[in-house]
Amino acid sequence: MEKKDLDWANLSFEYQPTDYSYVSNYRDGAWDDGALTADHSIRLSECAGILHYCQEVFEGLKAYTTESGDVVCFRPDQNAHRMADSARRIVMPPFPEDRFVDAVEKVVRANAAWVPPFGSGATLYIRPLMVATGDVIGVKPADEYQFRILVTPVGAYYKGGVKPVKVQVSQYDRAAPHGTGNIKAGLNYAMSLYPSVEAHAAGYADNMFLDPETRTYVEESGGANFLFVDKDGNLVVPQSATDSILPSITRRSLVDVAESYLGMKVIQRQVRFDEIDQFVECGMCGTAAVISPVGEVDAADKQVVYGMDHVGPVMQRLRETLTGIQSGEIEDRFGWVHKIDVE
Ligand SMILES: *Cc1c(COP(=O)(O)O)cnc(C)c1O
């Protein structure tokens, strides 16, 4: 199979249409068989539920080429499961989890020429999404939906090495207590765009959001979970008493990596903001960057510095181990790497 003629090492994180997307529609209480399509647009009624009451959920994962030349993705069953949870929370019919994985395979296979080669650092980003397409005018769930997967090649998150970033403590909340912060829905991002633009304008890579109920505990950033390392070398993972942290698959994978590959102790608990200066390392984790080391956290009356000039040793080891498992250079003990037959 001939690869597309792209400058793989210098791709950005911008949408570029590929050959096919996957689409399935929900009508009369059932999902249709689904199919690949070369049409990258959606035609919607002006009264479609998504346009009025924001019924939309999405996922994000990536396909890439391993050292041995296989095209794989990472734990797609977890994205399938989380998307079904997200859908149920805003009264959308979940797309069947086995069909989700099958659809990911189909759309990656159909776009195999767009999967970046091993060593480029680039990946084929996979974005499943679901929207309410049925008409609603009174406030209620729609009765028609579209599930779609688009794929687009994106460049390595860190070109020229992983570098620590600065974050600021936001004056805004990302999610409401016991609201929808624990699902992957566009509505949460609508809420965090203003603080995100504000953070970037002030020179920060992202926000650290505190718990929306008491503003005492660390929750997460706009699109990544936080991790800390304490003085004894334990991994400390913030938990939310108000269930407003998104359950990151990268975070849960790193917890397993820390425990079973690196023999670390992992402590999952609520983390008070006023204790984060007791930690020795901080990072943010998510599919895109795996781990972004955090070198500095600034709040109105406090500045915590972990170090801007190098990645802490524990974050470094965690990142290398997980990316090594993903690329096939380290044994995949848990069966996380999902091979896609592309020939
Ligand atoms: C997607 C997302 C994450 C990261 O989740 P991964 O499954 O690791 O990619 C973290 N926080 C928010 C708010 C997210 O939307």
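Residues numbered from 1 in each chain as written. Predicted model: local features only at pLDDT ≥ 70, side-chain atom pairs only at ≥ 80, totals over all residues. Heavy atoms only, no water.

## Some details on the overall build of the chain
Within the chain one finds 6 helices and 17 strands. For a compact globule of 343 residues, the expected C-alpha radius of gyration is about 20 Å, and the chain comes in at 20 Å, within 12% of that figure. Dimensions of the chain, computed from the C-alpha atoms along their principal axes, are close to 55 × 50 × 35 Å. Across the 343 residues in the chain, those meeting the buried criterion constitute 54%. Considering only residue pairs separated by 6 or more positions, the chain has 72% of its internal contacts joining residues 24 or more positions apart. As displayed, the chain offers around 15200 Å² of accessible surface, 49% of which is attributable to carbon and sulfur atoms. Side chains of the chain carry 32 positive and 49 negative charges; the gap between the two charge centres is 1 Å. (Helix = DSSP H or I, 4+ residues; strand = E, 2+ residues; numbered from the N terminus. Rg over C-alpha atoms; globule rule 2.2 N^0.38 Å. Buried < 20%, exposed > 50% of the residue type's maximum accessible area, 1.4 Å probe, protein only. Contact = heavy atoms within 4.5 Å. Areas by Shrake-Rupley, 256 points an atom, 1.4 Å probe, with all protein chains shown as cover. Lys, Arg positive; Asp, Glu negative; His and termini not counted. Charge placed at Lys NZ, Arg CZ, Asp CG, Glu CD.)

## Focus on the side chain of Thr 66
Take Thr 66: it is sitting in the loop between strand S5 (61-65) and strand S6 (71-74). Setting aside residues no more than four positions away along its own chain, Thr 66 makes contact with Val 72, Phe 118, Gln 326 and Ser 327.

## Comments concerning the UniProt feature "modified residue: N6-(pyridoxal phosphate)lysine" (unreviewed entry) in the chain
Summarizing the sequence annotation, UniProt attributes the feature "modified residue: N6-(pyridoxal phosphate)lysine" (unreviewed entry) to Lys 184 in the numbering used throughout. With respect to the helices, strands and loops of the structure, Lys 184 is situated in the loop between strand S9 (165-169) and helix H4 (186-201). Lys 184 sits in the buried class, given a relative accessible area of 13%. Other than its neighbours up to four places away in sequence, Lys 184 contacts Val 57, Phe 58, Glu 59, Gly 60, Arg 82, Ser 86, Tyr 189 and Leu 246. (UniProt positions renumbered as here; feature names shortened; annotations may be inferred.)

## Focus on the pairing of strand S13 (residues 266-269)
As paired strands, strand S12 (residues 235-238) and S13 are joined by 4 bridges and run parallel to one another. Residue Val 236 lies in a different strand from S13, and its bridge partner there is Ile 267. Handedness of the S12-helix H5 (residues 249-261)-S13 crossover: right-handed. (Pairing = 2+ DSSP bridges. Right-handed = clockwise from strand over helix to strand, strands pointing away.)

## Focus on the domain arrangement of the chain
Domain assignment breaks the chain into domain 1 (21-154) and domain 2 (165-327). Relative placement of domain 1 and domain 2: their C-alpha centres are 26 Å apart. Between domain 1 and domain 2, the contact holds 22 residues from the first and 21 residues from the second. Taking both partners together, domain 1 and domain 2 bury about 1700 Å²; carbon and sulfur atoms supply 60% of that area. It is Phe 58, Phe 74 and Arg 82 in domain 1 that bury the most area against domain 2; as a group they hold 34% of the surface buried on that side. On inspection of domain 1 and its partner domain 2, the count reaches 10 residue pairs in polar contact (both at pLDDT 80 or more). When contributions to the side of domain 1 that touches domain 2 are tallied by element, the ones reaching two or more residues are strand S4 (56-58), S5, S6 and helix H2 (76-89). Of the residues forming the side of domain 1 that touches domain 2, the biggest block, 6 residues, is contributed by H2. Along the lines of polarity and charge, the residues of the side of domain 1 that touches domain 2 split into 9 nonpolar, 5 polar and 8 charged. (Domains from an automatic or database assignment. Buried area = accessible area lost by both parts, 1.4 Å probe. Polar contact = N/O pair within 3.5 Å; in protein donor to acceptor, adjacent residues only side chain to side chain. Nonpolar A, V, L, I, M, F, W, Y, C, P; charged D, E, K, R; others polar.)

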